[in-house]
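Here's the letter readout for the chains.
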Amino acid sequence: MTEGIATALSIRNLDKEYTRGKPVLRAITLAIGATGITAIIGPSGTGKSTLIRCINRLVEPTSGEIVFQGQDLVKLDRRALRLARRQIGMVFQEYNLVERLTVMENLLCGRLGYVAPLKAWLRKYPQGDIDRAFSLLDTVGLAGFANQRADSLSGGQRQRVGIARAIMQEPKLLLADEPTSSLDPKTSVEIMELIGRVCRDSGRGNAIPVIINMHDVELAKRFADRIIGMSDGRIVYDGAPAGLTDAMLKTVYGGEAWLQ
Amino acid sequence: MAANPRAFERNRLATFGWLALAAYVVYACSRLDFTWARFMTGLDNGARFIGRMLPPNIAQPDTLLKGLTESLEIAVLASFLGILVSLPIGLIAARNLMPPWASWPARAIIALCRSFHPVIVAILFVKAVGFGALAGILALVVASVGFIGKLFAEAIEEISLKQVEAVRATGAPFMSLISYGVLPQVFSRFVGFATYQLDSNLRNSTMVGIVGAGGIGGTLFAAFQRFDYDFVCAILLCIIGMIMVGEVLATWVRGVFLERGKVDEE
């Protein structure tokens, strides 16, 4: 798929077992190109979320290699991991905003990896970060919301803040774990469009690759450049959305009654 | 003969327990001379006591004022120091953020602080550092650490880890993780615990004086021993006044800090 294109992320033989002898991920090997949206689909409990969380080690991989920007993330110590995480933005299904902080404070959370704790606590961020936060609020359609508390926003608005927070990091890779699963269909499309827009231009003219877990196959086909189908901890499909035939979906999800 | 089906199982052990409790109550009453006749003689004495309390008389205004201000100072200082100390201890005691080797010692400190009534702690400190306000302050600091530390740790153990996870994913250093991911979630509850403890310290600061640890309690105890019941009455009224002012103050402090948090106080 990605041969000939620069590789942003390369996963080799990644295994994950939460309990011994019950693998959730089995020898996942995957290369992600430098741009474009990669959607991971598959039935619930098949390890999509675990896979994405292994990349920034919110979940510790059991074994394998995850090479990002020339270093194996699996081997990093705490400090190096922290520095690597600054380069990886993440968007969550339930937004995971700090509810009692304002929209602006949530956006600036994206800069916490770069700002000293005391300065962050005193809210003394570089003016450049603040300017960027305001312009990002504009981009995601939330101009004027800066001082509202996150818990006063609707689901769609929260996810926009979540995306803006991730982009504030100026990431080199964006992970999204079911970003639209808690949203209505119309808002889902808007959020996917927004993700597509920010990954083509993350603010400084840089395109970044995006990996998204999705359970809505149609949405995945519509927005992704590449689809990875997972079943039982393994990759069973890897290719263009067009190649995702009914027969293929049957392999991924099993059964066929739901396809009618 | 088949017995009728019973809808409710009879619990013989519970029946026995109730009977035993009733028997013990009767036994304890007789042992302690807790009888109606004794109560009536007591009432008689009480009426004379109240008669001597009225009208209240501020026999020693200087001593009264000094005692009250000292109590207030003890309460405020003890609350301030107690809150300051309990914040890190409570944080370290939270088992969802800290490894067991850190949280167990912190939990042990909290448990130790909670095991004695402030009066007993005050006696210990009077013996250790001598009579006066210092002993009272230290005793109430211990009480504050026990109370706020425990509740603060429990509040942290109930936070949403999703918010913490999101902050962690940005590559935030540990201290920023605490100040952005954890503290905003527990801040309003912490203010609640702290103002409640200020209130409670104000009450306790009037009592540690009885064992010589400073404050109005000493004056009160001395007045009791001199049978100056009208002065006792004046002191008691002043304490009531002080507690009420404290309550208003605590409500005001809560209002200032929690204005932003009104939504979740519903």
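Note that this is a predicted model, so its numbers are computed, not measured.

Further remarks concern the environment of Thr-245 of chain A. All names here are of chain A. Along the chain, Thr-245 turns up in the loop between strand E10 (234–239) and helix H9 (246–253). For Thr-245, a relative accessible area of 41% puts it in the partly exposed group. For the pair Thr-245 and Asn-213, spaced 32 residues apart in sequence, the C-alpha to C-alpha distance is 19 Å.

With that settled, the discussion passes to the pattern of salt bridges. Applying the stated criterion across every chain, the model contains 22 salt bridges over all chains. The residue Glu-94 of chain A makes a salt bridge to Lys-162 of chain B at a minimum N-O spacing of 2.7 Å. Of this pair, Glu-94 of chain A sits in the loop between strand E6 (88–91) and helix H3 (103–109) while Lys-162 of chain B sits in helix H7 (residues 161–169), placing the two residues on different chains. The class for Glu-94 of chain A is partly exposed, based on a relative accessible area of 41%. In this structure Lys-162 of chain B comes out as partly exposed when scored by relative accessible area, which is 37%. Ionic contacts of the salt-bridge type, sharing partners, join the residues Arg-53 and Asp-177 of chain A together with Glu-165 of chain B into one network.

Residue and element names in this part refer to chain B. In the predicted model, chain B carries a mean pLDDT of 87, and 96% of its residues have values of at least 70. Mean pLDDT values over the elements of chain B span from 85, in helix H2 (residues 36–53), up to 93, in H7. For this predicted complex, the interface confidence comes out at an ipTM of 0.89, alongside a pTM of 0.79.

All names here are of chain B. Evaluation of the coordinates by the stated rule reveals 7 aromatic pairs over all chains. For the pair Trp-36 and Phe-39, a centre-to-centre distance of 5.5 Å together with 40° between the ring planes defines the contact as tilted. Of this pair, Trp-36 and Phe-39 are both found in helix H2, 3 residues apart, which corresponds to roughly one turn of the helix. Of the residues examined, Trp-36 reaches a relative accessible area of 64% and is grouped as exposed.

This part covers the sheet that holds strand E2 (residues 22–33) of chain A. All names here are of chain A. Taken in spatial order, the 4 strands of this open sheet run E2-E1-E4-E5, and their pairing is antiparallel. A strand with exactly one partner marks an edge of an open sheet, and here the two such strands are E2 and strand E5 (71–72). Direction of pairing for strand E4 (residues 63–68) relative to E5: antiparallel, over a ladder of 2 bridges. Residue Phe-68 lies in a different strand from E5, and its bridge partner there is Gln-71. In this fold helix H1 (residues 48–55) packs onto strand E1 (7–19), E2 and E4, with an angle of close to 120° to the strand it touches most, E1.

The rules behind the values
- Residues numbered from 1 in each chain as written.
- Chains lettered and ligands numbered in written order.
- Predicted model: local features only at pLDDT ≥ 70, side-chain atom pairs only at ≥ 80, totals over all residues.
- Heavy atoms only, no water.
- Helix = DSSP H or I, 4+ residues; strand = E, 2+ residues; numbered from the N terminus.
- Buried < 20%, exposed > 50% of the residue type's maximum accessible area, 1.4 Å probe, protein only.
- Salt bridge = Lys/Arg side-chain N within 4 Å of Asp/Glu carboxyl O.
- pLDDT = per-residue confidence, 0-100.
- Phe/Tyr/Trp six-rings, centres within 6.5 Å; stacked < 30°, edge-to-face > 60°.
- Pairing = 2+ DSSP bridges.
- Contact = heavy atoms within 4.5 Å.
- Axes fitted to C-alpha atoms, helices over the stretch in contact; angles between N-to-C directions.

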